[in-house]
Amino acid sequence: MYHKYKNAELVKPSGLDLKDRLVGVQRVTKVTKGGRAFGFSAIVVVGDEAGVVGHGLGKSKDVASAIAKAVEDAKKNLVRIPLNKGTLPHEQKGKYGGARVNIIPASAGTGVIAGGAVRTVLEAVGVQDVLSKSQGSSNPHNVVKATFDALLQLRDAGTIARDRGVSLEKVFKG
């Protein structure tokens, strides 16, 4: 799922204190010859609030099992996100479908300034101070995936220095 991100580090769910957050539940309808068949789809974000996060989708005839399936799905694709003292290492844009998300690091004490699905993802990651702007589609599925797109492109200074083959000092001083 995250094969296009070269620095995406997949994490096993064992031994992590994961908290699940519900992004949204939709009631979906399938029209059959016998009438309407209702079902539910739930999108969930799980995270340990210390840099590990994953998202999942669950579908079922009732809400509780849809959420349970979504949590299981989310635990299957956990990734580690580089954080820097409660905020992000740098500004980053992410996109998925029609959704565009821009996340910007903020100084200590700012809090999580984000709306809806973006806030849920950023809180699950464990970011304390961040500014964000969501543009385009407000579909929660795509907004969550766009936020993940932005988060997975984040690189800390150590990774950048290693990729360029230079010292950490040279990354900052040029």
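All values derive from a computational prediction rather than experimental measurement.

A. Structural detail: the pattern of salt bridges. If you walk through the whole model with that rule in mind, you get five salt bridges. Residue Glu-49 pairs with Arg-21 through a salt bridge whose shortest N-O separation is 2.4 Å. Taken together, the residues Glu-49 in the loop between strand E3 (35-47) and strand E4 (52-60) and Arg-21 in strand E2 (residues 19-32) connect sequence positions 28 residues apart. Look at Glu-49 and you get partly exposed, because its relative accessible area is 31%. Salt-bridge contacts for Asp-163 lead to Arg-155; the nearest nitrogen and oxygen are separated by 3.0 Å. Here Asp-163 falls in the partly exposed class, since its relative accessible area comes to 43%. A relative accessible area of 24% means that Arg-155 is categorised as partly exposed. A single salt-bridge network, built from bridges that share partners, covers Arg-21, Glu-49, Arg-119 and Glu-123.

B. Molecular detail of the UniProt feature "domain: S5 DRBM" (unreviewed entry) in the protein. UniProt records the feature "domain: S5 DRBM" (unreviewed entry) at residues 18-81, using the numbering of this structure. Structurally, residues 18-81 is divided into 22% helix and 61% strand, and its ends, taken at the C-alpha atoms, are 15 Å apart.

C. Structural detail: unusual backbone geometry. You will see that Glu-49, though not glycine, has its phi angle at about 60°, which is positive. Look at Lys-85: it is not a glycine, yet its phi comes out positive at around 50°. Within the secondary structure, Lys-85 sits in the loop between strand E5 (78-80) and strand E6 (92-96). Accessibility expressed as a relative area gives 80% for Lys-85, which makes it exposed.

D. Here's a closer look at the nonpolar core. Membership of the largest hydrophobic core comes to 27 residues, with the highest contact counts inside it found for Val-53, Ile-81, Ile-103, Leu-122 and Leu-151. At the level of elements, E3, strand E7 (99-105), helix H2 (116-125) and helix H3 (140-152) are the ones that each hand at least two residues to this core. Here this core spans two domains, and each of domain 1 (9-79) and domain 2 (83-164) adds at least three residues to it.

E. Just a nonpolar patch on the surface, in detail. On the surface, Leu-22, Val-25 and Val-63 cluster together into a nonpolar patch covering about 200 Å² of accessible area. As for its placement among the helices and strands, Val-25 is situated in strand E2. With a relative accessible area of 33%, Val-25 lands in the partly exposed category.

F. View of the domain arrangement of the protein. Once the domains are mapped, the protein shows domain 1 (9-79) and domain 2 (83-164). For domain 1 versus domain 2, the separation of C-alpha centres amounts to 20 Å. With 19 residues of domain 1 in contact, the opposing surface of domain 2 contributes 14 residues. For the pair domain 1 and domain 2, the two sides together bury roughly 1300 Å², of which 77% comes from carbon and sulfur. Counting across the domain 1 and domain 2 interface gives one salt bridge. With a shortest N-O distance of 3.2 Å, Arg-21 and Glu-123 are connected by a salt bridge. The interface formed by domain 1 and domain 2 contains five residue pairs in polar contact (both at pLDDT 80 or more). When contributions to the side of domain 1 that touches domain 2 are tallied by element, the ones reaching two or more residues are E2, E3 and E4. Considered class by class, the residues forming the side of domain 1 that touches domain 2 number ten nonpolar, six polar and three charged.

About the thresholds
Residues numbered from 1 in each chain as written. Predicted model: local features only at pLDDT ≥ 70, side-chain atom pairs only at ≥ 80, totals over all residues. Heavy atoms only, no water. Salt bridge = Lys/Arg side-chain N within 4 Å of Asp/Glu carboxyl O. Helix = DSSP H or I, 4+ residues; strand = E, 2+ residues; numbered from the N terminus. Buried < 20%, exposed > 50% of the residue type's maximum accessible area, 1.4 Å probe, protein only. UniProt positions renumbered as here; feature names shortened; annotations may be inferred. Core = buried A, V, L, I, M, F, W, Y, C linked by side-chain atoms within 4.5 Å. Domains from an automatic or database assignment. Patch = residues over 30% accessible without salt bridge, like charges linked within 9 Å, V, L, I, M, F, W, Y side chains within 5 Å. Areas by Shrake-Rupley, 256 points an atom, 1.4 Å probe, with all protein chains shown as cover. Contact = heavy atoms within 4.5 Å. Buried area = accessible area lost by both parts, 1.4 Å probe. Polar contact = N/O pair within 3.5 Å; in protein donor to acceptor, adjacent residues only side chain to side chain. Nonpolar A, V, L, I, M, F, W, Y, C, P; charged D, E, K, R; others polar.

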